[in-house]
Amino acid sequence: MRAARNLQLYSIILLFLTTFTAAWPWPRWLPELDTLVVRQNNQTDSNSASATQTQSQSGSATATGSQQSASNTGSATKASQTGSQTDSNTATITSAPSSTGGSSSNSNSTDTSSYHTSYDAQLPAGGISMLIPAATATTYYKIGEYVTFAWNYTSLLGSPTAVNVLATCTANQALYTLAPNVTVSNSNSTNQIIWDTADYQANHQAVPLLTQTYTLIIYDAASSISATAEPGYLAVYNQFTFGMYLPQPYTPLSEYTCATCSGALGDMERRAIAMVFGVGVVTVLSFTWFVTGTGVIW
């Protein structure tokens, strides 16, 4: 029992001394503490761990960048394929230019595609209003002179880049090219061409101009002469007709011979004379019968 008390007393004294010693500074008359107790240096391990962590983060960033680059490339390829499939199926709006690039290359190739906008089906197709000559009457032109055509565009939302101007004749079923690829600056502009019929007649002997009536045709150069009208875009215009004739050389009146003229009486003249003669005969006979039948004359 006494030994237990002594042990408890010693423990209390030792705990007190330990606390006092820890709080008391290292005595100067003793050797330095570092020479007596060597502490473990963990800085190398810390640096190694830091380097390992940095390398891990770098590798993770590299892998993430590679995955992101691959993801971007796959997304761009998928978007390009989707745009191409949409264009081939709908044929209404061509998507913006698609770009594809390598995973680690800085060079990119860009493919530019044309744009085509579809307008409301209730809108009318673009048309043409003739200015020169006026479309109120048929105009006749002499073959060998200059012919001027001028027109405006109406209800045009998608302006063509250029138009082709032709003329057709039903007599020989021929197409005459007046002016190909006439530039259209905008939908509000006025287009005009001057056709040299003398030059055309001299250089197109196989299909010459005839003394006939012609139909003017104007259509989008990027389309065709038989294209179907589309809302907002220029429809094929073929509603204006004009006449052309070959001039005849001058002939003096004394030398002129009328191929259809005749010195004999015409049909109307013969009928008129026959009527006058018949009326005269009827008058004489009726008057004679009246006089003799009534005994007017003794």
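Being a predicted model, the structure only gives us computed values, none of them experimental. (Residues numbered from 1 in each chain as written. Predicted model: local features only at pLDDT ≥ 70, side-chain atom pairs only at ≥ 80, totals over all residues. Heavy atoms only, no water.)

**Let's talk about the overall build of the chain**
Summing up its helical and strand segments, the chain has five helices and ten strands in all. In the chain, buried positions account for 19% of the 298 residues. Here the contacts in the chain between residues at least 6 apart in sequence split such that 63% fall between residues at least 24 apart. For the chain, the computed accessible surface area is about 22100 Å², with 58% contributed by carbon and sulfur atoms. (Helix = DSSP H or I, 4+ residues; strand = E, 2+ residues; numbered from the N terminus. Buried < 20%, exposed > 50% of the residue type's maximum accessible area, 1.4 Å probe, protein only. Contact = heavy atoms within 4.5 Å. Areas by Shrake-Rupley, 256 points an atom, 1.4 Å probe, with all protein chains shown as cover.)

**Describing the sheet that holds strand β10 (residues 237-245)**
In sheet architecture, strand pairing relies on hydrogen bonds along the backbone and comes in two forms, parallel and antiparallel. The five strands are arranged β4-β10-β9-β6-β7 in an open sheet whose pairing can be described as mixed. Two strands bound the open sheet, and with one partner strand each, they are β4 (139-142) and β7 (174-183). Mean inter-strand twist for the sheet, computed between neighbouring axes without regard to direction, equals 30 degrees. Bridge analysis of strand β6 (residues 162-169) against strand β9 (residues 212-220) gives seven bridges, and the strand direction is antiparallel. Within β9, the residue paired with Asn164 across the bridge is Tyr219. (Pairing = 2+ DSSP bridges. Axes fitted to C-alpha atoms, helices over the stretch in contact; angles between N-to-C directions.)

**Examining the nonpolar core**
Note that soluble globular proteins tend to have their nonpolar side chains buried in a common cluster. Core analysis: the biggest nonpolar cluster contains 31 residues, and Phe149, Trp151 and Phe242 have the highest contact counts within it. Of all the secondary structure elements, the ones that give two or more residues to this core are β3 (127-132), β5 (146-154), β6, β7, β8 (190-196), β9 and β10. Broken down by element, the residue count for this core peaks at five residues, all from β7. Aside from chain neighbours lying at most four places away, what touches Trp151 is Ile128, Ser129, Met130, Leu131, Val163, Val165, Ser189, Thr190, Asn191, Ile193 and Ile218. (Core = buried A, V, L, I, M, F, W, Y, C linked by side-chain atoms within 4.5 Å.)

**Let's talk about the side chain of Gln201**
One can find Gln201 in helix α4 (residues 197-203). A residue is classified by how much of its surface remains accessible, and Gln201, at 18% relative accessible area, is buried. The residues touching Gln201, leaving out its near neighbours within four places in the chain, are Ile143, Pro208, Leu209 and Leu246.

**Quick word on the pairing of β5**
In this sheet, β5 lies alongside β3 in antiparallel orientation, the contact comprising five bridges. Of the residues in β5, the one forming a bridge with Gly127 is Thr154. For β5 and β8, the ladder comprises seven bridges, and the chain directions are antiparallel. Considered in β8, the bridge of Ala150 is made with Gln192.

**A closer look at the pattern of salt bridges**
Pairing is possible between side chains of opposite charge, provided their charged atoms come close. Enumeration over the complete set of coordinates arrives at one salt bridge. Among the salt bridges present, the one from Glu145 reaches Lys142, with a minimum N-O distance of 3.9 Å. Look at Glu145 and you get partly exposed, because its relative accessible area is 41%. When its relative accessible area of 30% is taken as the criterion, Lys142 is described as partly exposed. (Salt bridge = Lys/Arg side-chain N within 4 Å of Asp/Glu carboxyl O.)

**Overview of unusual backbone geometry**
Along the chain, Ile132 connects to Pro133 via a cis peptide bond; the corresponding omega equals -10 degrees. Tracing the backbone through its elements, the reader meets Pro133 in the loop between β3 and β4. For Ser155, which is not a glycine, the phi torsion comes out positive at approximately 55 degrees. Looking at where Ser155 falls in the secondary structure, it is placed in the loop between β5 and β6. A positive phi angle, near 55 degrees, is found at Gln173, a position not held by glycine.

**Comments concerning a nonpolar patch on the surface**
A cluster of nonpolar side chains, namely Leu9, Tyr10 and Ile13, defines an oily patch on the protein surface of about 320 Å² accessible area. Tracing the chain through its elements places Tyr10 in helix α1 (residues 2-23). (Patch = residues over 30% accessible without salt bridge, like charges linked within 9 Å, V, L, I, M, F, W, Y side chains within 5 Å.)

**Focus on the sheet that holds β5**
Spatially, β3-β5-β8 is the arrangement adopted by the three strands of the open sheet, whose pairing is antiparallel. Single-partner strands in this sheet number two, and they are β3 and β8. Within the sheet, the average angular offset between the axes of one strand and its neighbour, ignoring direction, is 30 degrees.

**Section: the packing of aromatic side chains**
By the definition in use, this model includes ten aromatic pairs. One aromatic cluster is present, formed by Tyr141, Phe149, Tyr176, Trp195, Tyr200, Tyr214, Phe240 and Phe242 through successive ring pairs. (Phe/Tyr/Trp six-rings, centres within 6.5 Å; stacked < 30°, edge-to-face > 60°.)

**Comments concerning the side chain of Thr197**
In this fold, Thr197 is placed in helix α4. Of note is the side chain of Thr197, whose polar atom sits 2.8 Å from the backbone nitrogen of Gly144. With residues up to four places along the chain from it excluded, the contact list for Thr197 reads Lys142, Ile143, Gly144, Glu145, Val147, Leu209 and Met244. (Polar contact = N/O pair within 3.5 Å; in protein donor to acceptor, adjacent residues only side chain to side chain.)

**Observations concerning the layout of surface pockets**
Any empty space left between atoms is shown by rolling a water-sized probe over those atoms. Space inside the largest pocket adds up to approximately 310 Å³. In this structure, the largest pocket is lined by 18 residues; those nearest its centre are His116, Asp220, Ser223, Tyr233 and Leu234. Its residues assigned to classes, the lining of the largest pocket comprises ten nonpolar, six polar and two charged. (1 Å grid on protein atoms, 1.4 Å probe; cavity = no way out; pocket = protein on both sides within 12 Å on 5 of 7 lines; lining within 4 Å. Points joined across faces, edges and corners; volume = space filled by probe spheres on them. Nonpolar A, V, L, I, M, F, W, Y, C, P; charged D, E, K, R; others polar.)

Honestly, it's all geometry; don't read function into it.
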